[in-house]
Amino acid sequence: MAVCNSKYPVGSPQEHIQMCENHGLPIDLVCEDCHIFICSTCAKTDHSGHNWVTQGVAASQRRKGLLKFLRDIKEVQLPKVDERIIKKKAENERTCESQMKNVEKHFNEIIAKLTDIRDRKEEVLKSNLRKKNEHLAIEKSRMDKEKKQLIEMVKYTWRRTVEPYLIRTS
Ligand SMILES: [Zn+2]
Ligand SMILES: [Zn+2]
């Protein structure tokens, strides 16, 4: 096993070229399978058959990977988020519209009930007025009749009791 590798995990800053403790060679390769820095002899022995590349290539690959990741965020993930936000906004608007329709429906139902109550009360009041007017008409006709009878009686009494005297004295 190459003990030199564990000291230099991939990603740590390498300001000076480090030497392999096992082989005395510069550690200028990266084993992509083991994620560690190795020398060219490590690559031919312990990491033979592994996928290893030079540090320059590894850095370039990581830069490309990072750019691809950023491009994916910009071109795929962010538009997806925007799309979700637009969809959610439309959904919220639809929900609000439907709730407003329900409120409107409920309001109209209440108004219809109140209108019905008002109409029935009005009908009752009008009917009462009609009845009262009918009673009054009957009363008036009775009073008219009585008035007529009274006048007739006064005329009769006048003719029978006063008129004869008037004729004699004239
Ligand atoms: Zn080595
Ligand atoms: Zn390896």
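Provided above is the structure to which this section pertains.
Residues numbered from 1 in each chain as written. Chains lettered and ligands numbered in written order. Predicted model: local features only at pLDDT ≥ 70, side-chain atom pairs only at ≥ 80, totals over all residues. Heavy atoms only, no water.

Caption draft 1: Broad picture of the overall build of the protein. Within the protein, the secondary structure is distributed over two helices and three strands. Shown N-terminal to C-terminal, the secondary structure of the protein runs as helices and strands in the order β-β-α-β-α. For the protein, the proportion of its 170 residues judged to be buried stands at 12%. Taking all contacts inside the protein whose residues are at least 6 apart in sequence as the whole, residues at least 24 apart take part in 30%. (Helix = DSSP H or I, 4+ residues; strand = E, 2+ residues; numbered from the N terminus. Buried < 20%, exposed > 50% of the residue type's maximum accessible area, 1.4 Å probe, protein only. Contact = heavy atoms within 4.5 Å.)

Caption draft 2: Structural view of the environment of Ala43. Along the chain, Ala43 turns up in helix H1 (residues 40-44). According to the relative accessible area criterion, Ala43 is buried, its value standing at 2%. Along the sequence, Ala43 and Val30 sit 13 residues apart, while their C-alpha atoms lie 8.8 Å from each other. When sequence neighbours within four positions are dropped, the list of residues in contact with Ala43 reads Leu29, Ile38, Ser48 and Trp52.

Caption draft 3: View of the coordination of the zinc ion (ligand 2). Taken together, the protein donors to the zinc ion (ligand 2) comprise Cys31 (SG), Cys34 (SG), His47 (ND1) and His50 (ND1), at separations of 1.9 to 2.3 Å. One can describe the site at the zinc ion (ligand 2) as tetrahedral: its four donor atoms subtend angles covering 105 to 115° at the metal. Counting residues between consecutive donors of the zinc ion (ligand 2) along the chain gives the motif C-x2-C-x12-H-x2-H. Of this pair, Cys31 sits in strand E1 (residues 29-31) while His50 sits in the loop between H1 and strand E3 (52-54), placing them 19 residues apart in sequence. You can call His50 partly exposed: its relative accessible area is 29%. (Donors = N, O, S within 2.8 Å, 3.2 Å for Na, K, Ca; no water. Tetrahedral: all angles 85-135°; square planar, octahedral: opposite > 155°, others 65-115°.)

Caption draft 4: Inspection of the pattern of salt bridges at higher detail. A complete count under the given rule lists nine salt bridges for this structure. For Lys89, the salt bridge identified is with Glu93, shortest N-O distance 4.0 Å. Linking Lys89 with Glu93, this pair stays in helix H2 (residues 55-169), spanning four residues, or about one helical turn. Here Lys89 falls in the exposed class, since its relative accessible area comes to 54%. The partner of Glu109 in a salt bridge is Lys105, and the shortest N-O contact between them spans 4.0 Å. One end of the pair, Glu109, and the other, Lys105, are both in helix H2, four residues apart, so they sit about a helical turn from each other. Given a relative accessible area of 40%, Glu109 falls into the partly exposed group. Judged by its relative accessible area of 53%, Lys105 falls in the exposed class. (Salt bridge = Lys/Arg side-chain N within 4 Å of Asp/Glu carboxyl O.)

Caption draft 5: Just the coordination of the zinc ion (ligand 1), in detail. For the zinc ion (ligand 1), every protein donor is listed as Cys20 (SG), His23 (ND1), Cys39 (SG) and Cys42 (SG), and the spread of their distances is 2.1 to 2.2 Å. The coordination sphere of the zinc ion (ligand 1) comprises four donor atoms, whose angles at the metal cover 101 to 117°; the geometry is tetrahedral. In primary-sequence terms, the residues that donate to the zinc ion (ligand 1) follow C-x2-H-x15-C-x2-C. In this pair, His23 is assigned in the segment before E1 and Cys39 in the loop between strand E2 (36-38) and H1, connecting sequence segments 16 residues apart.

Caption draft 6: Quick look at the sheet that holds E2. The strand order across the open sheet formed by three strands is E2-E1-E3, and the pairing between neighbours is antiparallel. Unpaired on one side and paired on the other, E2 and E3 mark the two borders of the sheet. In this sheet, adjacent strand axes meet at a mean angle of 35° when their direction is disregarded. The sheet contact formed by E1 and E2 spans three bridges and is antiparallel. (Pairing = 2+ DSSP bridges. Axes fitted to C-alpha atoms, helices over the stretch in contact; angles between N-to-C directions.)

Caption draft 7: Structural view of a nonpolar patch on the surface. Side chains of Phe107, Ile110, Ile111, Leu114 and Ile117 sit close together on the surface and give an oily, nonpolar patch of about 450 Å² of accessible area. By the secondary structure assignment, Ile111 is in helix H2. With relative accessibility at 38%, the residue Ile111 sits in the partly exposed group. (Patch = residues over 30% accessible without salt bridge, like charges linked within 9 Å, V, L, I, M, F, W, Y side chains within 5 Å. Areas by Shrake-Rupley, 256 points an atom, 1.4 Å probe, with all protein chains shown as cover.)

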